[in-house]
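Descriptive structure summary
Now for the letters of each chain:
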Amino acid sequence: MNNGAVLTGEHFLNGDVACAEGALAAGCNFFAGYPITPATEVAERMSRRLPKTGGIYIQMEDEIASMAAILGASWGGAKAMTSTSGPGFSLMMENIGLGMMTETPCVLVNIMRAGPSTGLPTLVGQADVMQARWGSHGDYGVIAISPASVQEMFDLTIEAFNLSEQYRQPVFILSDEVVGHMYEKLVIPPAERIHRIERRKPEKRPDEYVPFMGEEDLVPPMACAGEGYRVHVTGLTHDEMGYPHMFHTTQERLVRRLVDKIRLNADKIIRLESDFMEDAKVVVIAYGCVSRSAREAVERARSKGLKVGMLRLITVWPFPTKKLRELAGRVETFIIPEINYGQVAYEVERCAGDRAEIVQVGIMGGTVHSPEDIYDVIEEFAQ
Amino acid sequence: MSQGVTKLIHKYLRHDKKFPHVWCPGCGNGIVLGALIRAIDRIGLEKDEIVLASGIGCSGRMPVYVDFNTLHTTHGRALTFATGIKLAKPSLTVIAIMGDGDATAIGGNHFIHAARRNLNLTAIIINNQIYGMTGGQSSPTTPYGSYATTAPYGLIEHAFSIAELAVTAGAPFVARGTVYHVETLEDLVKKAILKRGFAVVEVISNCHVQYGRRNNMGDPVTMMKWMRDHAIRVEKASSMSIDDMEGKFTIGVLADVEKPIYTEEYQKIREGAIKGRPTGGPGHG
Ligand SMILES: Cc1ncc(C[n+]2csc(CCOP(=O)(O)OP(=O)(O)O)c2C)c(N)n1
Ligand code: SF4
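Residues numbered from 1 in each chain as written. Chains lettered and ligands numbered in written order. Predicted model: local features only at pLDDT ≥ 70, side-chain atom pairs only at ≥ 80, totals over all residues.

**Re the interface of chain A and chain B**
Counting residues at the interface gives 38 residues for chain A, matched by 35 residues for chain B. Listing elements by their share of the side of chain A that touches chain B, those giving two or more residues are strand S2 (30-33), strand S3 (56-59), helix H3 (63-75), helix H4 (86-102) and strand S10 (232-234) of chain A. Looking at the side of chain A that touches chain B residue by residue, the classes come out as 23 nonpolar, 10 polar and 5 charged. Looking at chain direction, S10 of chain A and strand S2 (residues 69-72) of chain B are connected through 3 bridges and run parallel. Paired with Val233 of chain A across the strands is Leu71 of chain B, a residue of S2 of chain B. (Contact = placed C-beta atoms within 7 Å. Helix = DSSP H or I, 4+ residues; strand = E, 2+ residues; numbered from the N terminus. Nonpolar A, V, L, I, M, F, W, Y, C, P; charged D, E, K, R; others polar. Pairing = 2+ DSSP bridges.)

**A word on the domain arrangement of chain A**
Residue and element names in this part refer to chain A. Segmentation of chain A into domains returns domain 1 (9-193) and domain 2 (273-382). The straight-line distance from the C-alpha centre of domain 1 to that of domain 2 is 26 Å. Contacts between the two partners involve 23 residues from domain 1 and, on the opposite side, 22 residues from domain 2. At the level of secondary structure, the elements contributing two or more residues to the side of domain 1 that touches domain 2 comprise strand S6 (120-124), helix H5 (129-134), strand S7 (144-145), strand S8 (170-176) and helix H7 (177-181). Top element by residues in the side of domain 1 that touches domain 2 is H5. It accounts for 4 residues. (Domains from an automatic or database assignment.)

**Notes on the site of ligand 2**
Around ligand 2, the neighbouring residues are Trp23, Cys24, Cys27, Asn29, Cys58, Asn128, Gly132, Met133, Cys207, Val209 and Gln210 of chain B. Here the residues of the shell around ligand 2 sort into 7 nonpolar, 4 polar and no charged. (Near = placed C-beta within 6 Å.)

**Things to note about the nonpolar core**
If you look at the biggest cluster of nonpolar residues, it comprises 196 residues, and the most contacted ones within it are Phe30, Val284 and Ile378 of chain A together with Val51, Ile124 and Val200 of chain B. Shared between two domains, this core takes at least three residues from each, and those domains are domain 1 (9-193) and domain 2 (273-382) of chain A. Aside from chain neighbours lying at most four places away, what touches Val284 of chain A is Ala294, Ala297, Val298, Val308, Met310, Ile335, Pro337, Ile374 and Ile378 of chain A. If you look at the next biggest cluster of nonpolar residues, it comprises 9 residues, including Met133, Ala148, Cys207 and Tyr211 of chain B. (Core = buried A, V, L, I, M, F, W, Y, C linked by C-beta atoms within 7 Å. Buried ≥ 20, exposed ≤ 12 C-beta atoms within 10 Å, placed from the backbone.)

**What to know about the site of ligand 1**
Residue and element names in this part refer to chain B. Neighbouring ligand 1 are 18 residues; Gly57, Gly99, Gly101, Asp102 and Gly132 lie closest to it. With 3 residues, the single largest contributor to the shell around ligand 1 is helix H4 (residues 100-106). A per-class count over the shell around ligand 1 returns 7 nonpolar, 9 polar and 2 charged.

**Considerations on the packing of helix H1 (residues 15-26) of chain A against helix H2 (residues 40-49) of chain A**
Residue and element names in this part refer to chain A. The interhelical angle for the contact between H1 and H2, taken along N-to-C directions, is 45°, at an axis separation of 8 Å. Taken together, the axes of H1 and H2 lie oblique to each other. The handedness of the crossing between H1 and H2 is right-handed. Of H2, the residues touching H1 (which contributes Asp16, Val17, Cys19, Ala20 and Leu24) are Glu41, Val42, Arg45, Met46 and Arg49. Among the residues making up the contact of H1 with H2, the classes are represented as 6 nonpolar, no polar and 4 charged. (Axes fitted to C-alpha atoms, helices over the stretch in contact; angles between N-to-C directions. Parallel < 35°, antiparallel > 145°, perpendicular 65-115°, else oblique. Left-handed = near helix turned anticlockwise from the far one by under 90°.)

**Remarks on the sheet that holds strand S8 (residues 249-256) of chain B**
Strand order across the open sheet formed by 9 strands is S10(A)-S2(B)-S1(B)-S3(B)-S4(B)-S6(B)-S5(B)-S8(B)-S7(B), with mixed pairing between neighbours. Taken across any chain shown, the strands that pair with only one partner, and hence form the sheet edges, are S10 of chain A together with strand S7 (231-233) of chain B. Averaged over neighbouring strand pairs, the angle between their axes works out to 20° when direction is ignored. Taken together, the 5 bridges between strand S3 (residues 93-99) of chain B and strand S4 (residues 122-127) of chain B define a ladder with parallel strand orientation. In the sheet register, Gly99 of chain B faces S4 of chain B, and the bridge partner there is Ile126 of chain B. Helix H2 (residues 29-43) of chain B rests against strand S1 (50-54), S4 and strand S6 (199-204) of chain B of the sheet, and its axis sits at about 155° to S4 of chain B.

**Topic: the environment of Gly214 of chain A**
Residues and elements named next belong to chain A. Position of Gly214 relative to the elements: it lies in the loop between strand S9 (183-188) and S10. With 19 C-beta atoms counted inside 10 Å, the residue Gly214 sits in the partly exposed group. C-alpha of Gly214 to C-alpha of Gly309: the two residues are 95 residues apart in sequence and 40 Å apart in space. Once residues lying within four places of it in the same chain are set aside, the contact partners of Gly214 are Val219, Pro220, Arg257 and Lys261.

**Details of helix H10 (residues 290-303) of chain A**
Residues and elements named next belong to chain A. Counted at 1.5 Å a residue, the expected span for H10 with its 14 residues is 20 Å, and the 20 Å between its end C-alpha atoms agrees. Inspection of H10 places Val290, Ser291, Ser293, Ala294, Ala297, Val298 and Ala301 among the buried residues, and these make up the whole buried set. For H10, the arc enclosing every buried residue in end-on projection is 155°, short of the 170-degree limit, so these residues lie on one face. On the buried face of H10, the contacting elements are strand S12 (282-286), strand S13 (308-313), strand S15 (333-338) and helix H13 (371-382). At the exit of H10 stands Gly305, carrying a positive phi of roughly 85°. (Expected span 1.5 Å × (residues − 1). Arc of directions from axis to C-beta.)

**As for the sheet that holds strand S16 (residues 357-362) of chain A**
Residue and element names in this part refer to chain A. With respect to topology, 5 strands assemble into an open sheet ordered S11-S13-S12-S15-S16, the strand pairing being mixed. Edge positions in the sheet fall to strand S11 (272-275) and S16, since each has one partner strand and no second. Pairs of neighbouring strands in the sheet enclose a mean axial angle of 20°, with direction left out of account. Pairing geometry for S11 and S13, over 4 bridges, is antiparallel. Following the sheet pairing, Leu272 is matched in S13 by Leu313.

**Some remarks on the pairing of S16 of chain A**
Residue and element names in this part refer to chain A. Sheet analysis places S15 next to S16, joined by 6 bridges and oriented parallel. Looking at S16, one finds that Pro337 is bridged to Val361. The handedness of the S15 to S16 crossover, carried by helix H12 (residues 343-352), is right-handed. (Right-handed = clockwise from strand over helix to strand, strands pointing away.)

So this is what it looks like as structure tokens:
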């Protein structure tokens, strides 16, 4: 790509802007959005940069329309993205479901603020974790990535695009106000060093192509509008040809595949960062901005000889169930600091609650745990 | 069936899609589909170049039968998908088909903004004055005083006039037809597709099953006669008194003006941005 999309070099930027740059580096050429704090800077950056790189930016009338427009654009062959925060994320739920049902690659960035409702518009939250997993009605598999630095906002947005193209579905960046607004050094590599995955195209002729037949990885190749395949795309339960079929047997095949394409590929999708785990009796699990405080707390505890490990969820969904079940045998206590009343803690409880103590360290929003907040809890359980 | 019709069916309907369709016998939706296909055939568009996007409702089921690129989306949102696909691939001819509830209740906001924004899209709204698919509830175009399953004592709300709404919202081309005036309808749809800019065709249609039955017009013929007797061509309406127009509606082209088109304006912004002009756009360079 030599259209100026990749701003190779060293920068000092905030997380929202790094996210926009990551999208462009991933080949994003369509953005639709609606202004909302603390995600507006993503849209503003895209509105300025996309025309220069030959892409399209459009401000829609609301988030329902934004989500719908990126799905439409994706069927027009674009790599499409939107960004929002709590209230807008709620409005997007309807068409997230359509994106899942129609297997439409796109990326949705949620810079989390504190809710419910309008909550604390300018301040941090992490309480959309479960909404990201279960927010739209019906069953489907979810990929949600939680960057913890400006560099990761760039790198993981590329990853989100790659995963969305590979698994043909909306992928979420579940970031937060602190990471979105924080300024750090960002290194953008040369364009040729950026790994991009593009959606698989059908190799068969139009009369042989079965548009919703999953291949080995359960993902069907995608023919977009105007490519000669004239596919029918519907949110109704559809057979492999894409045609509505109102029978439980078709529903069974379709929805199982939609969930399984993530569930059975989970090991390939999940990304964790683990440190000091060898002999850890206590493990802190954190993600996003809180993981920065958590890391400092864990390092301090280690320096004092406490047997503490750290597990950072880079992907929040799919949840690392297998890994936690494994750990639960030898780890005695899991400490989960997060800016909500125990959403990831709930998952940890599910995976490990029978064999380990689960300690939830929740803040209801508006601020981040200090390292001391977390250190004090570690000290209490690691003595 | 005439040879011409058979040829059109063979060319434009999906062969691998099993009929019969979901619509009730005598439903106006089929007439709209016929007019659309004939208009497309007359223009000579390639099937690969056409996108037909719909929302949810009886009208929303239309795309599955035709051999175009077809999207059956969510209730009220057809235009927003159409917007995305048109922007991503401006060379495609993108047509959205909607019901009256679809376009002016749940999708009302999208509708007025699409009209204001002016992408080169065609919006066909089948106005049968009722929620057909869900079984006869009142819609924003159900007439004052008529009956619906959710207006068992008569409706006390006032109806939108869709075409007039589109004109006010800024759509550069607006027309209204009916399923009775079939040749006019075909002509209006053709004009709308050929129009450069956002083009709206409101089609007054019959849902005798869910609307007519509850309002003394229980069969398609009675409803068609009602259309015949109440539709006034715009040319004629201009010379009629307000009293004479009472209870009537106009058919024909209500608005046809030129306005800058979004994709073309955006292209100018792109060219400016690439040359290094930081902001800008039409008139604000
Ligand atoms: C968000 C949402 N709300 C409600 C519905 C249920 N629903 C399906 S079709 C419809 C109304 C259809 O009426 P109209 O748009 O006038 O189209 P018609 O069926 O008459 O063609 C409704 C309310 C839905 N599918 N989605
Ligand atoms: S319910 Fe009404 S709109 Fe729907 S198919 Fe039947 S007649 Fe047509």
